[in-house]
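Here are the chains, one letter per residue:
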There are 2 protein chains.
Amino acid sequence: MAAALCRGGKVRRPRAGRFLPLPGARHDEREGTTVDPATGLMRRALAAALLGPEVDPNPRVGCVLTDAFGQVVGVGHHRGAGTPHAEVDALRQAGEAARGGAAYVTLEPCDHTGRTGPCSLALIEAGITQVRYAVADPGARAGGGAARLAAAGIEAAPGPLATDAEAINRTWLFAARTGRPFVTWKSASTLDGKVAARDGSSRWITGAAARAQAHALRARCGAVVVGTGTALADDPELTVRGPDGQPTPAQPLRVVVGTRDLPEAARVRDDAAPTLLLSTHDPAAALAAIGERGIHHVLLEGGPTLAAAFVAAGLVDEFVAYLAPALLGAGPAVLADLGITTITDALRFEITDAAIVGGDVRVTARPQRRR
Amino acid sequence: MAAALCRGGKVRRPRAGRFLPLPGARHDEREGTTVDPATGLMRRALAAALLGPEVDPNPRVGCVLTDAFGQVVGVGHHRGAGTPHAEVDALRQAGEAARGGAAYVTLEPCDHTGRTGPCSLALIEAGITQVRYAVADPGARAGGGAARLAAAGIEAAPGPLATDAEAINRTWLFAARTGRPFVTWKSASTLDGKVAARDGSSRWITGAAARAQAHALRARCGAVVVGTGTALADDPELTVRGPDGQPTPAQPLRVVVGTRDLPEAARVRDDAAPTLLLSTHDPAAALAAIGERGIHHVLLEGGPTLAAAFVAAGLVDEFVAYLAPALLGAGPAVLADLGITTITDALRFEITDAAIVGGDVRVTARPQRRR
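This structure is a prediction, so every number in the text was calculated from the model and none was measured.

**Regarding the overall build of chain A**
Counting its secondary structure elements, chain A contains ten helices and 18 strands. Excluding contacts between residues fewer than 6 apart, the proportion of contacts in chain A whose partners are at least 24 apart in sequence is 66%. Of the roughly 16,900 Å² of accessible surface on chain A, a fraction of 52% belongs to carbon and sulfur atoms.

**Points about the sheet that holds strand 8 (residues 130–135) of chain A**
Residues and elements named next belong to chain A. Within the open sheet, the five strands sit side by side as 6-5-7-8-9. Their pairing is mixed. Strands with a single pairing partner mark the edges of an open sheet, and in this sheet they are strand 6 (72–77) and strand 9 (155–158). Shown here is a sheet whose adjacent strand axes are inclined to one another by a mean of 15°, direction ignored. Examined bridge by bridge, strand 5 (residues 62–66) and strand 7 (residues 102–107) share three bridges and lie antiparallel to one another. Within strand 7, the residue paired with Cys 63 across the bridge is Val 105. The strands touched by helix 1 (residues 37–49) within the sheet are strand 5, strand 6, strand 7 and strand 8, with strand 7 carrying the most contacts at an inclination of about 50°. Packed on one face of the sheet, helix 2 (residues 86–94) meets strand 5, strand 6 and strand 7 and runs near 145° to strand 6.

**Digging into the relation of the copies chain A and chain B**
Of the two same-sequence chains, chain A is brought onto chain B (RMSD 0.0 Å, axial shift 0.0 Å) by a rotation of 180°. Here the copies are linked by what is in effect a two-fold axis. Minimal C-alpha distance to the rotation axis in chain A is attained by Gly193(A), lying at 2.2 Å. Comparing contact sets, 98% of the residues at the interface of chain A also lie at the interface in chain B, consistent with an isologous, same-surface contact.

**Side note on the environment of Gln213(A)**
Residue and element names in this part refer to chain A. Within the fold, Gln 213 resides in helix 7 (residues 208–220). Residue class for Gln 213 comes out partly exposed when judged on its relative accessible area of 28%. In this structure the C-alpha to C-alpha distance between Gln 213 and Gly 329, which are 116 residues apart in sequence, comes to 26 Å. Excluding residues that lie within four positions of it along the chain, Gln 213 makes contacts with Tyr 322, Val 357 and Arg 362.

**Some remarks on the sheet that holds strand 6 (residues 72–77) of chain B**
Residues and elements named next belong to chain B. The sheet built from five strands is open, its strands ordered 6-5-7-8-9 with mixed pairing. In the strand order of this sheet, the two ends are held by strand 6 and strand 9 (155–158), each with one partner. The mean inter-strand angle of the sheet, taken between neighbouring strand axes irrespective of direction, is 15°. The sheet contacts of helix 2 (residues 86–94) involve strand 5 (62–66), strand 6 and strand 7 (102–107), and relative to strand 6 the element is tilted by about 145°.

**Concerning the packing of aromatic side chains**
All told, the structure shown has six aromatic pairs over all chains when counted by the stated rule. When the ring of Phe174(A) is compared with that of Phe182(A), the centres are 5.3 Å apart and the planes differ by 90°; the resulting orientation is edge-to-face. With a relative accessible area of 7%, Phe182(A) lands in the buried category. On the basis of an interplanar angle of 5° and a centroid distance of 4.0 Å, the ring pair of Trp185(B) and Phe319(B) is categorised as stacked. Of this pair, Trp185(B) sits in strand 10 (residues 182–190) while Phe319(B) sits in strand 15 (residues 318–324); the two residues are 134 residues apart in sequence, bridging distant segments of the chain. Taken together through their ring pairs, the aromatic side chains of Trp185(A), Phe319(A) and Phe349(A) make up a single cluster. Geometry around Trp204(A) places Arg211(A) over its ring, the cationic atom sitting 4.1 Å from the centre.

**A look at the side chain of His77(B)**
Mapped onto the fold, His77(B) is located in strand 6. The contact partners of His77(B), leaving out residues within four places of it in the chain, are Ala48(B), Ala49(B), Leu51(B), Gly52(B), Val61(B), Gly62(B), Pro84(B), Ala86(B) and Asp89(B).

**Let's talk about helix 1 of chain A**
Given a rise of 1.5 Å per residue, 13 residues ought to cover 18 Å, and the 18 Å separating the end C-alpha atoms of helix 1 of chain A matches this to within 8%. Listing the buried residues of helix 1 of chain A in full gives Ala38(A), Thr39(A), Gly40(A), Leu41(A), Met42(A), Arg43(A), Ala45(A), Leu46(A), Ala48(A) and Ala49(A).

**Quick word on the interface of chain A and chain B**
Listed per partner, the contact involves 51 residues of chain A and 50 residues of chain B. Around 4,000 Å² of area is buried between chain A and chain B when both sides are counted, 67% of it from carbon and sulfur atoms. Counting every contact that joins chain A to chain B gives two salt bridges. The partner of Arg198(B) in a salt bridge is Asp337(A), with the nearest N and O atoms 2.3 Å apart. Our count for the contact surface shared by chain A and chain B stands at 20 residue pairs in polar contact (both at pLDDT 80 or more). Every element with two or more residues in the side of chain A that touches chain B is listed here: strand 15 (318–324), strand 16 (326–327), strand 17 (347–357) and strand 18 (360–367) of chain A. Here the side of chain A that touches chain B takes eight residues from strand 17 of chain A, the largest share from any one element. Of the residues in the side of chain A that touches chain B, the class split is 33 nonpolar, eight polar and ten charged.

**Some words on the nonpolar core**
Grouped together as the largest cluster of nonpolar side chains are 89 residues, with contacts concentrated most on Trp185(A) and Trp185(B). Sequence-distant contacts of Trp185(A), defined by excluding residues within four places in its chain, comprise Leu300(A), Ala307(A), Val311(A), Val316(A), Glu318(A), Phe319(A), Val320(A), Val334(A), Leu335(A) and Leu327(B). Among the nonpolar cores identified, the runner-up in size contains 39 residues, and Leu41(B), Met42(B), Leu91(B) and Ala165(B) belong to it.

**Some remarks on the state of the cysteines**
Evaluated as defined, the whole model comprises zero disulfides over all chains. Its sulfur unpaired, Cys110(B) is 3.8 Å from the next cysteine sulfur, which belongs to Cys119(B).

**So, the pattern of salt bridges**
Taken as a whole, this structure holds 34 salt bridges over all chains when the rule is applied. One salt bridge in this structure joins Glu264(A) and Arg269(A), with 3.6 Å as the shortest N-O distance. A salt bridge links Arg241(B) to Glu237(B); its shortest N-O distance comes to 3.3 Å. Here Glu237(B) falls in the partly exposed class, since its relative accessible area comes to 24%.

**What about unusual backbone geometry?**
Residue and element names in this part refer to chain A. Residue Pro 57 is bonded to the preceding Asp 56 through a cis peptide linkage, with omega at 15°. With respect to the helices, strands and loops of the structure, Pro 57 is situated in the loop between helix 1 and strand 5. Even without glycine at this site, Asp 235 takes up a positive phi of about 45°. Its place among the elements puts Asp 235 in the loop between helix 8 (228–234) and strand 12 (253–257). Asp 235 gets classed as partly exposed once you look at its relative accessible area, which sits at 26%.

**Here we look at the confidence of the model for chain A**
Residue and element names in this part refer to chain A. Summary statistics for chain A give a mean pLDDT of 89 and a share of 89% for residues scoring 70 or more. Low pLDDT (under 50) marks residues 1–25, which in the prediction has 28 contacts with non-local residues, meaning those over four places away or in another chain. Across the assembled chains, the prediction reports ipTM 0.85 with pTM 0.87.

**With respect to the pairing of strand 17 of chain A**
In the sheet, strand 17 of chain A pairs with strand 16 (residues 326–327) of chain B via two bridges, with the strands oriented antiparallel. Its bridge partner being in strand 16 of chain B, Leu347(A) is matched across the sheet by Leu327(B). In textbook terms, the turn of a hairpin is the stretch between consecutive antiparallel strands, and for strand 17 of chain A and strand 18 of chain A this stretch comprises two residues, one of which, Gly358(A), has a positive phi near 60°.

About the thresholds
Residues numbered from 1 in each chain as written. Chains lettered and ligands numbered in written order. Predicted model: local features only at pLDDT ≥ 70, side-chain atom pairs only at ≥ 80, totals over all residues. Heavy atoms only, no water. Helix = DSSP H or I, 4+ residues; strand = E, 2+ residues; numbered from the N terminus. Contact = heavy atoms within 4.5 Å. Areas by Shrake-Rupley, 256 points an atom, 1.4 Å probe, with all protein chains shown as cover. Pairing = 2+ DSSP bridges. Axes fitted to C-alpha atoms, helices over the stretch in contact; angles between N-to-C directions. Least-squares fit on C-alpha atoms with pLDDT ≥ 70 in both. Buried < 20%, exposed > 50% of the residue type's maximum accessible area, 1.4 Å probe, protein only. Phe/Tyr/Trp six-rings, centres within 6.5 Å; stacked < 30°, edge-to-face > 60°. Lys NZ or Arg CZ within 6 Å of the ring centre and 35° of its normal. Expected span 1.5 Å × (residues − 1). Buried area = accessible area lost by both parts, 1.4 Å probe. Salt bridge = Lys/Arg side-chain N within 4 Å of Asp/Glu carboxyl O. Polar contact = N/O pair within 3.5 Å; in protein donor to acceptor, adjacent residues only side chain to side chain. Nonpolar A, V, L, I, M, F, W, Y, C, P; charged D, E, K, R; others polar. Core = buried A, V, L, I, M, F, W, Y, C linked by side-chain atoms within 4.5 Å. Disulfide = S-S within 2.5 Å. pLDDT = per-residue confidence, 0-100.

Printed below as a string of structure tokens:
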């Protein structure tokens, strides 16, 4: 910690470098230690990345460019599908000033031509001589930018701050590495584990704040998945609605899994959002079909039966449980039978977060890692 | 907020009174406002009260005595059943110095002779001329001290800090006002609301930290209640065990409610703690029998059936739910049928606290107040 200085009765923090005149080094408040310039610049790139939207299918990426003397000449970030990648955004700011300079990117520059050209090529053409990328792109399609940079004689190396860069794109990186979408199971139940009363009524178990958060979670995902049971019983619209109650412009894919027929008038079949009907009971097959559509993050909102199928198949990567302080005693449980008969076979998760949301509790958990 | 002052490079907070030289007043950091001396002295009495044990059947009480000039000459607290009350504890410190002075007590002085004499009389005999008590004693048996003080010509008035004084003895005051013990229902379930697997196995659903907290909660209560179902299925000992695993010297009353017979060898019938077998299914009758034994705080640890009986009867005043991040799918639910069929009849609580305890989540809730 830096000592507080006093001047004219005001408490001031020292400026970076004042007490640490090491060339190129500065004091990092977050890490409480002296860090090399690359770490400081990458942290700035991470901050830029967070300005972008957290919406599937695009990762959040930030880029800081320096000139040949190490001065920052461009800070860019990705603003979502169809817009320039962070590197191009920063290069547009920097112009010729970046020639001979360095790039700090939170994700390995892409090497493929999609809706925009490969960033590796853009960096080469701009005359960048050094590239640091916090985390490698594990994707077979877009990865490989570092190799092309190296082949062009540019020093390209991974890190620093890989852990932070992982955290801001965990679902995207998970999908890139495993080849299937990351699955978040969201439930809303009473404290005694019921998702509806005996007559099937469930509006509303949780309060407005929890429901608004659930909509925000939907908005970040590429697909929302329910079973035919839920689609038939509740006839949900499964759209993302804004504060005005109207569907927002961008909508995740609505997916209904199961072999029962849905009536033509079912709300999920309306024009408010695209819909995919998957006539299967196999969660892995459903995820494969969803992943083929370029989706990295799936929100499982199904009823007890579909949830049990995903849980039993080990295909729930995160569990977000909204618990209302209400008791029902009877009614459908949040999770159907998993085939577990004794306590030692219970599926164990670990809690990553617990918070009060409005009048409800939200518990976030992930499958326990094997010891 | 007071402005930070600088001297010799150190940041200092102003001393109380430096900027507020009103006679007899001082700046209260907690309330952020100027308070009268009575509030400051009562806060000191409250702090003293908290030094005492929070164990049924005794309230936590603190007392501050001043001399005739307002200087503190004694600070006392109650240390549990059979020990002097806070007033007597403070009077012993003060001796003759308290004559002509004032007493600040967190609970109205008692007026009855139990294991110790009435505090009202002790204050009168000590020559106290003014008494403030934060909260009145609502009990028919011990209350009335203020009236005796007034009859002796002593100025006796309620407050200040009644809310704080309520909070430290909420179960004791509840019992004194309503004539029945305060009921805390404690559950331990999976996130999907199961208290055991299908084969009945439940050791352990929650982790060591949650179980240790549950023992600490037992230790504060006057009685631990289960149904015959739990007693027969789990054969629990229902004792308070210390960190060494051995029963602690003071034990709450073990109560088994229900009409089924318990075998002579049942653990709850051993000599580790007193036991009460109540052959009834009526929660109100059970509470009356427990309350007759001078108990103010009951911990309901029963299974789903007994919990449902208490919940349905409106006889759960606090719900402490330990939720393990585990999923079972099948097995007994935390709560049996309440006869509720539709969502609008759900019993609503309000959350007062949520916390991560070890690897589990603890949610504390109380019945929603009628609007």
